[in-house]
Amino acid sequence: MEDLPQNLRVKVEEWMKWDQNDATRKEIEELVDNKKHQQLADLMLSRVVFGTAGLRSRMGAGYSQLNDLVILQTSQGLVKYLLEVEPSAAERGIVIGYDSRHNSHRCVVVTVSGVARSPSAVVLAHRQRCCSLTVSGGARSPSAVVLAHRQRWCSLTVSGGARSPSAVVLAHRQRWCSLTVSGGARSPSAVLLAHRQRWCSLTVSGVARSSFARLAASAFLVGGVRVYLLGDICPTPFVPFTVKELHAAAGVMVTASHNPKEDNGYKVYWTNSAQIITPHDCGIQEKIEEQLEPWGGVWEIDAAVAHPCLSDPLQQMAPLYYSRLAAAMLDTTRNAETPLVFTVTAMHGVGHRYMKEAFKACGFKDFVPVKEQMEPDPEFPTVRFPNPEEGKSALDLSFRTADGANSSVILANDPDADRLALAVKLEGGWKVFTGNEEGALLGWWAWQRHTIRSPEVPPQDVYMVASTVSSKILKAIACKEGFNFVETLTGFKWMCNKTCELLDAGKTVLFAFEEAIGFMNGVEVLDKDGVSAGVYMAELAAYLHTKGLTLHEQLNAIYETYGYHACRNSYYICKDVQKIKAIFERMRNFSGPKSYPKTISGGEFEVSGVRDLTTDYDSSQPDQRALLPSSASSQMITFSFTNGCVVTLRTSGTEPKIKYYSEICATPQQRNWGELEKELERLVSALVEELLQPQLNQLIPKAD
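Residues numbered from 1 in each chain as written. Predicted model: local features only at pLDDT ≥ 70, side-chain atom pairs only at ≥ 80, totals over all residues. Heavy atoms only, no water.

Asker: Help me out: how do you make sense of the overall build of the protein in this one?
Answerer: Summing up its helical and strand segments, the protein has 24 helices and 29 strands in all. Long-range contacts, defined here as pairs at least 24 residues apart, represent 69% of the contacts in the protein between residues at least 6 apart. Carbon and sulfur atoms form 50% of the exposed surface of the protein, whose accessible area is close to 28700 Å². (Helix = DSSP H or I, 4+ residues; strand = E, 2+ residues; numbered from the N terminus. Contact = heavy atoms within 4.5 Å. Areas by Shrake-Rupley, 256 points an atom, 1.4 Å probe, with all protein chains shown as cover.)

Encoded structure:
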């Protein structure tokens, strides 16, 4: 370590002193031994900082990634800031939830024993009483197999008498009796083995390792704040729902949503149950920097689990959530009687059993699950990206399942069940709806439901909300029907904090959405919610079926009434931060200093206005200052054109992507939809080539 630069050696020594996770300590030790100084510098000399309402990063050792030590430091900073700003937080408490990703939640020992009566020991343990199940160490899940499949326990023993030198291969393919995998093995999968064989006993044991969720709980408890730790994997919207219902001071959800399997995250909700925004994000970050050394006792997870100020509200909150959904339905009898068959996928995430309970509570018959993606699996083995927003590439198994079940509607959640993708069967195959198209359907349905349930509330007191990069279809509906439409910055943290302002002013907020398949139906959950969105979409489909209509036909009817809205959105992947900055700086100095492009495609499309929310510039305003909040930490430029088209280019807050969004809006009288689509395609294609220069900058296009 002596040959390390002084500043790097100090950080490495600090890490080795503070970190108590053997795996991440070993990562740093190996980098030091192998003299990987640049890699060490990347990991140790910068910190992962608060972005989209919290942290999201790759998991691994070092301050620039997510790991046990960084989670503890973040939690210490959060609780210090919370107690300063909200003195009642100690008693009101913090809600913690977690998904099924690696490190989100780890358990200690699982034992399944007895005489197996089926090739699937897991299914037996999960559903039948033909064997015994013991779960200890704070685990709550009833499925030992799912636990074994998604955790990295240290040893697996299946005994009964081996008869081959290759126990693994034999056990994997045959019905022989003995398999031993030890020393932290991660493959082959204990779950698959147990699922395929008829072994008589399965024991999974090992040394317990702390989870991100429990470490956060420990820091909050040591900091003097009550903790509500949801006792099983759950959808992200359950955290803001619980914060609101318990009047908690804050909430934390351990999730990376639809990011790759290597990532995890730490999402923070404030006292209003919405995601944090400025100034809280900056205040928390400052406190983190002041609280880097782990406090005494924070690594003692067993003490945290046994602490009298820690409780599990999930058994109270889940039934309450379902009852609120059921009460919101217009007609559960219609739901029950619909002949429509729905196919639902959880995308290897937490959503399956929560969607199942939601369907049941709202009167629907059971849906057809995509079995290959039904159980939580942090490896996401059947998809390239665990994101239903990717479209057909993520929904192949859903199409196959639905075709086999004579199902005409597919509902797809992302792994933490806060988003919803939709596909319907047409004569020529499956149509995957965009988030803007789903927003049009659910927004229209929210207004129809409101006129039936609350006709006494005047339209001028009613609001819908969307992000600035989403379709303006809600604005068109609002103009015709007389209610209000509000636009915010991108992200539900902005939409939901605006919703809180409107609610405080006595207004009614029906719906909010963003084009990235995120939807907030009502205000029971002040965040996007893929479970409620799935139920409301199913309710709409059932209603339309009684009118002889499909979801696709209703979308066209909305466009006929309020005007066609043609959208074309996509992204490029770019992991080079400096290259991204250079691309956007080139736009700001296109034909000289501080000059944006004036035309696109050789003058075919003329720019009528520019808004740059990175620099707080808006050419359409008298003082040339943007109306929406600006931030120099992210890139976002919007071009308006004389033909009515609007195109926004921005960087993602959670992924290494340059995204672009475009829309051209027609009046109800304009019926040349095909010509509008062609015009938008020409403009966007030219703009992307001229401003992003994908080939020159070696940008990676979206897979589809």
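Asker: Explain the packing of helix α4 (residues 68–85) against helix α10 (residues 212–222) here, please?
Answerer: Between two packed helices, both the angle of their axes relative to each other and the distance between the axes serve to describe the pair. Running from amino to carboxyl end, α4 crosses α10 at an angle of 35°, the nearest separation of the two axes being 8 Å. When you trace α4 past α10, the crossing you get is right-handed. Across the interface between the two elements, Asp68, Ile71, Leu72, Ser75, Gln76, Leu78 and Val79 from α4 touch Phe212, Leu215, Ala216, Ala219 and Phe220 from α10. (Axes fitted to C-alpha atoms, helices over the stretch in contact; angles between N-to-C directions. Left-handed = near helix turned anticlockwise from the far one by under 90°.)

Asker: Is there a simple way to explain helix α21 (residues 530–546) in this structure?
Answerer: The α-helix advances 3.6 residues per turn, and as a result positions three or four apart in sequence lie on the same side. With 17 residues, α21 should reach 24 Å at 1.5 Å per residue; the first-to-last C-alpha distance of 25 Å fits that figure. With 14 of 17 residues buried, α21 is to be regarded as a mostly interior element. Taking the backbone nitrogen of Val531 as reference, a side-chain oxygen 2.9 Å away marks Asp529 as the first, capping residue of α21. Downstream of α21 by one or two residues, Gly548 has phi in the positive range, about 75°. (Expected span 1.5 Å × (residues − 1). Buried < 20%, exposed > 50% of the residue type's maximum accessible area, 1.4 Å probe, protein only. Polar contact = N/O pair within 3.5 Å; in protein donor to acceptor, adjacent residues only side chain to side chain.)

Asker: Can you help me understand the pattern of salt bridges in this one?
Answerer: Two side chains carrying opposite charge are able to pair once their charged atoms lie near each other. The final tally for this structure, using the stated rule, is 30 salt bridges. The closest approach of N and O atoms between Glu245 and Arg324, which form a salt bridge, is 2.8 Å. Of the two residues, Glu245 sits in helix α11 (residues 238–246) while Arg324 sits in helix α14 (residues 314–328), which places them 79 residues apart along the sequence. Since its relative accessible area comes to 21%, Glu245 is described here as partly exposed. (Salt bridge = Lys/Arg side-chain N within 4 Å of Asp/Glu carboxyl O.)

Asker: Would you mind showing me how to read the environment of Ile410 here?
Answerer: Structurally, the position occupied by Ile410 is in strand β14 (residues 409–413). Along the backbone, Ile410 and Ala421 are 11 residues apart, and their C-alpha atoms lie at a distance of 8.0 Å. If sequence neighbours within four positions are ignored, Ile410 has contacts with Thr343, Ser398, Phe399, Ala402, Ala421, Leu422, Ala423 and Trp430.

Asker: Explain a negative patch on the surface here, please?
Answerer: On the surface, Asp22, Glu27, Glu29, Glu30 and Asp33 cluster together into a patch of negative charge. For Asp33, the location among the structural elements is in helix α2 (residues 22–33). When its relative accessible area of 62% is taken as the criterion, Asp33 is described as exposed. (Patch = residues over 30% accessible without salt bridge, like charges linked within 9 Å, V, L, I, M, F, W, Y side chains within 5 Å. Lys, Arg positive; Asp, Glu negative; His and termini not counted. Charge placed at Lys NZ, Arg CZ, Asp CG, Glu CD.)

Asker: So what exactly am I meant to see when it comes to unusual backbone geometry here?
Answerer: Excluding glycine, a negative phi dihedral is what most residues carry, and trans is how most peptide bonds are arranged. The linkage connecting Thr278 with the following residue, Pro279, adopts the cis geometry, with an omega of 10°. Mapped onto the secondary structure, Pro279 falls in the loop between β10 (263–269) and α12 (280–290). Its identity as a non-glycine residue notwithstanding, Gln698 has a phi of 55°, on the positive side. Inspection of the secondary structure assignment puts Gln698 in the loop between α24 (673–692) and β29 (700–701).

Asker: Explain the side chain of Asp414 to me, please; I cannot follow it from the model alone.
Answerer: Here Asp414 shows up in the loop between β14 and β15 (420–426). Look at Asp414 and you get buried, because its relative accessible area is 0%. At 3.0 Å, the side chain of Asp414 forms a polar contact with the side chain of Ser257. Apart from residues no more than four positions distant in its own chain, Asp414 is found in contact with Ser257, His258, Ala346, Pro386, Pro388 and Arg419.

Asker: Please clarify how the sheet that holds strand β17 (residues 462–467) should be interpreted in this entry.
Answerer: Consider a sheet: its strands pair through backbone hydrogen bonds, and that pairing is either parallel or antiparallel. Reading across the sheet, the 4 strands line up as β18-β17-β19-β20 and stay open at both edges, with mixed pairing between neighbours. Each end of this open sheet is capped by a strand with a single partner; those strands are β18 (484–488) and β20 (518–521). This sheet shows a mean twist of 15° between the axes of neighbouring strands, independent of strand direction. For β17 and β18, the ladder comprises 5 bridges, and the chain directions are parallel. For Tyr463, the partnering residue across the bridge sits in β18 and is Asn484. Helix-sheet contacts for helix α18 (residues 435–453) involve β17, β19 (508–514) and β20, and the interaxial angle to β19 is about 170°. Sheet contacts for helix α19 (residues 473–481): β17, β18 and β19; angle to β18, the most-contacted strand, approximately 155°. (Pairing = 2+ DSSP bridges.)

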